[in-house]
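Listed below are the residues making up each chain.
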Amino acid sequence: MKLENQWPKYYKKNVVTHYCPGCGHGIVHRIIAEVLEELDVGKRALLVCPAGCAVLAYHYLDIDVIESAHGRGTAIATGVSRANPDLFVISYQGDGDLSAIGTAETIHSANRGENITVIFINNAVYGMTGGQMAPTTLLDQGTTTSPLGRNAALDGYPLHITDVVAAFPGVAYAERVTVATPGGIKKTKKAITNAFQTQIEGLGYSIVEVLSPCPTNWKMTPLQACRWVVEEMSKEYKPGLLTDKREEKRKLKA
Amino acid sequence: MSGNHTIGEAAIRAGCKCYFGYPITPQNELGEYMAANLRRAGGVFVQSESETAAINMVVGGAATGARVMTSSSSPGISLKQEGISFLAGFELPAVIVNMMRGGPGMGNIAPAQGDYYQATRGGGHGDYRTPVLAPASVQELADLTMEAFNIADRYRTPVMLIGDGMMGQMKEPVVFPEPVKEFPEKKWALKGRGEGPSRYLASLILDGLEMERHNWKLVRKYQEIAERETRYELYLMEDADFAIVAYGTTARICKGAIKRARREGIRVGLIRPITLFPFPTKVLQEIAHRVKNFLVFEMSTGQMVDDVKLALADYQVDIAFHGRPGGVIPTPLEFARVINRHYLRMKK
């Protein structure tokens, strides 16, 4: 078997990522590269990478990339997409980025129905800065800034931002998936394919929320982290389709 | 035509493809003009959810190689500083208009010049500068708006056009240059990799030595801009033994004051910086060989006066300052009296 042929065209060869063992980023990067190739949009793709662990995504994905200030991914993606509608625009963001500092940009780019795809990596902590509490942190989950566990009275509740934007008329497609199991990874690829197709058809905003393990900051082994995604995170953030308005948008377009 | 509308028309003629902005007084007429006319011209107008979003849309648009702009007034410009720093780091061209108002904080909506430091010292975080153009008439708003796009493209840098509520609201006749038809090629623009290698734009440079190289590269660029793009106007300076330094609205008022003072026999002239960064240091130094008394007028508590002092640090000259901050518009009569007072002191 020639392994070379299976290497995705839009994933750089001979690079070792800086991601920790058991991290979900690498899996999602690979899926993005595969789907870009399958749908033949890699040549006109522009990825907006976030402040956070995925800031160096341009070292791994072999497509054009622009870095974003923390939280501003979908504003930059809006500018890119409006200035050059021929580009295929992906904003890749984490949970602190997308649902804390970038909440306004997230809400309004979704509400405008920008023709972009958001890949939202939810690992319930701020990863790169060392595991602080995020808006998505579960109740009672220990982090460096919620050392006794997240306390609703002091720290508020886990924020379901994808459910919020899924309700907007401008959002054509929203799904929540995990990369903690082989089945979850398959569903992730299907969801990202659907989201990309939404953009290719010009139907508006699409978002895929990926529940993703962060063993280092969760102080777990990779296996424990995957189990935690399935047993704890998935209870709070139920995987599944959140909205699919593609059919009605196709009719509107026709 | 009003100043704010003029900027919009000039930007469209300069080939501005996208305008991203958020409402704030006293520059709303510019966004309104773009909503109607830029869209009509086939361009993009987005009213963003915030100043922060607007400047980041500018980042995205600029990255594709399009000519892009945003505008705001003082508090909104503060919010844009993060994005302006990124534009400088990415080396992306863009035009940012600041129609200054009184401050700090909410301040008021009256004309002021309190953002001089912010505009000329970079404004956001990190080691960078932005070229700053300060027009003093509606005609100059048109000319400098178009020039701002050229400078931005030529040097791959954000450029700031700075005025105030008076500049934005006043109406004067204006002749627009012909629309720009040919644009510089932008090989660096992100257009998707196509058949070529993939590329990226990043301001993240983790290696200290590499970051330092980038910092010095930017400095060399600013030096080149200083050599080639420094602009100023000299008004009645040929026979002057007393020099006023003022920019923008204040400079206009000064011209009236200088005419009055000259009627009383005071040989006073005006040095008007048109670029605030780069500051016209050399011309000040040349003039300081024969003129020993300088008076700086600003609608602030004294910011540009520091640049005058820096420029003339090695010259035996007297530098005085008179400021009206807070949105107070001084009259030519007030300035004429101040000129008179300093002239008498100078002659003692």
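What you see is a predicted model, and the numbers here were worked out from it, not measured in a lab.

### Digging into the overall build of chain A
For step 1, the next point in the chain: In terms of regular secondary structure, chain A is built from ten helices and nine strands.
For step 2, the next point in the chain: Here the C-alpha radius of gyration of chain A, 17 Å, is about what a compact globule of 254 residues would show, namely 18 Å.
For step 3, the next point in the chain: Dimensions of chain A, computed from C-alpha atoms along their principal axes, come out at roughly 55 × 45 × 30 Å.
For step 4, the next point in the chain: Burial statistics for chain A: of 254 residues in total, 58% are counted as buried.
For step 5, the next point in the chain: The contacts of chain A with a sequence gap of at least 6 include a subset with a gap of at least 24, amounting to 68%.

### Focus: the overall build of chain B
For step 1, the next point in the chain: Counting secondary structure elements, chain B contains twelve helices and 13 strands.
For step 2, the next point in the chain: Seen along its three principal axes, the alpha-carbon backbone of chain B occupies a region of about 75 × 45 × 40 Å.
For step 3, the next point in the chain: Residues classed as buried in chain B amount to 53% of the 348 residues present.
For step 4, the next point in the chain: When contacts within chain B are restricted to residue pairs at least 6 apart in sequence, those whose partners lie at least 24 apart make up 80%.

### A word on the domain arrangement of chain B
All names here are of chain B.
For step 1, the next point in the chain: For chain B, the assigned domains read domain 1 (3-229) and domain 2 (232-347).
For step 2, the next point in the chain: Put simply, the middle of domain 1 and the middle of domain 2, counted by C-alpha atoms, are 28 Å apart.
For step 3, the next point in the chain: Listed per partner, the contact involves 27 residues of domain 1 and 22 residues of domain 2.
For step 4, the next point in the chain: Among the secondary structure elements, those contributing two or more residues to the side of domain 1 that touches domain 2 are helix H5 (116-120), strand S5 (132-133), strand S6 (158-164), helix H7 (165-169) and helix H8 (208-229).
For step 5, the next point in the chain: The biggest single contributor to the side of domain 1 that touches domain 2 is H5, with four residues.

### Section: the sheet that holds strand S1 (residues 18-21) of chain B
All names here are of chain B.
For step 1, the next point in the chain: Read across the open sheet, the seven strands follow the order S2-S1-S3-S4-S6-S5-S11; overall the sheet is mixed. Unpaired on one side and paired on the other, strand S2 (44-47) and strand S11 (275-277) mark the two borders of the sheet.
For step 2, the next point in the chain: Taken strand by strand, helix H3 (residues 51-63) contacts S1, S2, strand S3 (68-72) and strand S4 (94-100), and its axis lies near 165° from that of S3.

### Section: the interface of chain B and chain A
For step 1, the next point in the chain: At the junction of the two partners, chain B supplies 33 residues and chain A supplies 27 residues.
For step 2, the next point in the chain: Elements supplying a minimum of two residues to the side of chain B that touches chain A: S1, S2, H3, helix H4 (74-90) and strand S7 (200-201) of chain B.
For step 3, the next point in the chain: Considering every element that reaches the side of chain B that touches chain A, the biggest residue donor is H3 of chain B, with nine residues.
For step 4, the next point in the chain: Residues of the side of chain B that touches chain A, tallied by class, amount to 17 nonpolar, eleven polar and five charged.

### Observations regarding the environment of Phe294 of chain B
All names here are of chain B.
For step 1, the next point in the chain: Relative to the helices and strands, Phe294 is located in strand S12 (residues 293-298).
For step 2, the next point in the chain: Remark: the alpha-carbon pair of Phe294 and Asp241, spanning 53 residues in sequence, is separated by 9.2 Å.
For step 3, the next point in the chain: Residues contacting Phe294, with those up to four places away along its chain left out, are Ala243, Val245, Val308, Val317, Asp318 and Ile319.

### Here we look at the packing of helix H9 (residues 248-263) of chain B against helix H12 (residues 332-347) of chain B
Residues and elements named next belong to chain B.
For step 1, the next point in the chain: Their axes nearest at 8 Å, the elements H9 and H12 cross at an angle of 55°. The orientation of H9 with respect to H12, classified from their angle, is oblique. Here H9 runs over H12; the crossing is right-handed. Within the contact between the two elements, H9 uses Ile253, Cys254, Gly256, Ala257, Arg260 and Ala261 and H12 uses Pro332, Phe335, Ala336, Ile339 and Asn340.
For step 2, the next point in the chain: A per-class count over the contact of H9 with H12 returns eight nonpolar, two polar and one charged.

### Considerations on the nonpolar core
As a rule of thumb, soluble globular proteins bury nonpolar side chains together.
For step 1, the next point in the chain: In terms of nonpolar packing, the biggest core is built from 182 residues, with Leu47 and Leu61 of chain A touching the most fellow members.
For step 2, the next point in the chain: Among all residues touching Leu61 of chain A, those that are not within four sequence positions of it are Tyr10, Tyr11, His29, Ile32, Ala33 and Leu47 of chain A.

### Describing the confidence of the model for chain B
For step 1, the next point in the chain: In the predicted model, chain B carries a mean pLDDT of 97, and 100% of its residues have values of at least 70.
For step 2, the next point in the chain: Here the complex is predicted with pTM 0.97, and the ipTM for its interfaces comes to 0.97.

### Notes on the sheet that holds strand S10 (residues 268-273) of chain B
Residues and elements named next belong to chain B.
For step 1, the next point in the chain: Pairing is mixed in the open sheet, where five strands are placed in the order S8-S10-S9-S12-S13. The open sheet is flanked by strand S8 (232-235) and strand S13 (318-323), the only strands paired with a single partner. The average undirected angle you get between the axes of adjacent strands in this sheet is 20°.
For step 2, the next point in the chain: Of the pairings in the sheet, the one linking strand S9 (residues 242-245) to S12 comprises three bridges and is parallel in character. Following the sheet pairing, Ala243 is matched in S12 by Phe294.
For step 3, the next point in the chain: Strand contacts of helix H11 (residues 304-311): S9, S12 and S13, with the helix running at about 155° to S12, the strand carrying the most contacts.
For step 4, the next point in the chain: Most of the contacts of H12 go to S12, to which it runs at about 155°, and overall it touches S9, S10, S12 and S13.

### A few points about the packing of helix H2 (residues 73-83) of chain A against helix H4 (residues 103-111) of chain A
All names here are of chain A.
For step 1, the next point in the chain: H4 packs onto H2 with a crossing angle of 40° between their chain directions and a minimal axis gap of 7 Å. Comparing the axis directions of H2 and H4 gives the class oblique. On H4, the residues that touch Thr74, Ala75, Ala77 and Thr78 of H2 are Glu105, Thr106 and Ser109.
For step 2, the next point in the chain: When its residues are assigned to classes, the contact of H2 with H4 shows two nonpolar, four polar and one charged.

### Some points on H11 of chain B
All names here are of chain B.
For step 1, the next point in the chain: Every buried residue of H11 is listed here: Met304, Val305, Asp307, Val308 and Ala311. In a view along the axis of H11, the buried residues occupy a sector of 155°, so they form one face of it.
For step 2, the next point in the chain: In this structure, the buried side of H11 is in contact with H5, S9, S11, helix H10 (281-287), S12 and S13.

### Details of the environment of Ala53 of chain B
For step 1, the next point in the chain: With respect to the helices and strands, Ala53 of chain B occurs in helix H3.
For step 2, the next point in the chain: For Ala53 of chain B, a count of 29 C-beta atoms within 10 Å puts it in the buried group.
For step 3, the next point in the chain: C-alpha separation for the pair Ala53 of chain B and Ala110 of chain B, spaced 57 residues apart in sequence, amounts to 25 Å.
For step 4, the next point in the chain: Non-local contacts of Ala53 of chain B, meaning those with residues more than four positions away in its chain, are made with Ala75, Ala104, Glu105 and His108 of chain A together with Ser48 of chain B.

### Quick notes on unusual backbone geometry
For step 1, the next point in the chain: For the bond from Thr25 of chain B to Pro26 of chain B, the omega torsion is 10°, close enough to zero to count as cis.
For step 2, the next point in the chain: Relative to the elements of secondary structure, Pro26 of chain B occurs in the loop between S1 and helix H2 (28-40).
For step 3, the next point in the chain: Residue Pro278 of chain B is bonded to the preceding Phe277 of chain B through a cis peptide linkage, with omega at 0°.
For step 4, the next point in the chain: Look at Asp140 of chain A: it is not a glycine, yet its phi comes out positive at around 70°.
For step 5, the next point in the chain: Assignment of secondary structure puts Asp140 of chain A in the loop between strand S6 (132-133) and helix H5 (152-155).
For step 6, the next point in the chain: A positive phi angle, near 55°, is found at Leu236 of chain B, a position not held by glycine.
For step 7, the next point in the chain: By secondary structure assignment, the location of Leu236 of chain B is in the loop between S8 and S9.
For step 8, the next point in the chain: The exposure class of Leu236 of chain B is partly exposed, given the 17 C-beta atoms found within 10 Å.

Thresholds, definitions, all that
- Residues numbered from 1 in each chain as written.
- Chains lettered and ligands numbered in written order.
- Predicted model: local features only at pLDDT ≥ 70, side-chain atom pairs only at ≥ 80, totals over all residues.
- Helix = DSSP H or I, 4+ residues; strand = E, 2+ residues; numbered from the N terminus.
- Rg over C-alpha atoms; globule rule 2.2 N^0.38 Å.
- Buried ≥ 20, exposed ≤ 12 C-beta atoms within 10 Å, placed from the backbone.
- Contact = placed C-beta atoms within 7 Å.
- Domains from an automatic or database assignment.
- Pairing = 2+ DSSP bridges.
- Axes fitted to C-alpha atoms, helices over the stretch in contact; angles between N-to-C directions.
- Nonpolar A, V, L, I, M, F, W, Y, C, P; charged D, E, K, R; others polar.
- Parallel < 35°, antiparallel > 145°, perpendicular 65-115°, else oblique.
- Left-handed = near helix turned anticlockwise from the far one by under 90°.
- Core = buried A, V, L, I, M, F, W, Y, C linked by C-beta atoms within 7 Å.
- pLDDT = per-residue confidence, 0-100.
- Arc of directions from axis to C-beta.

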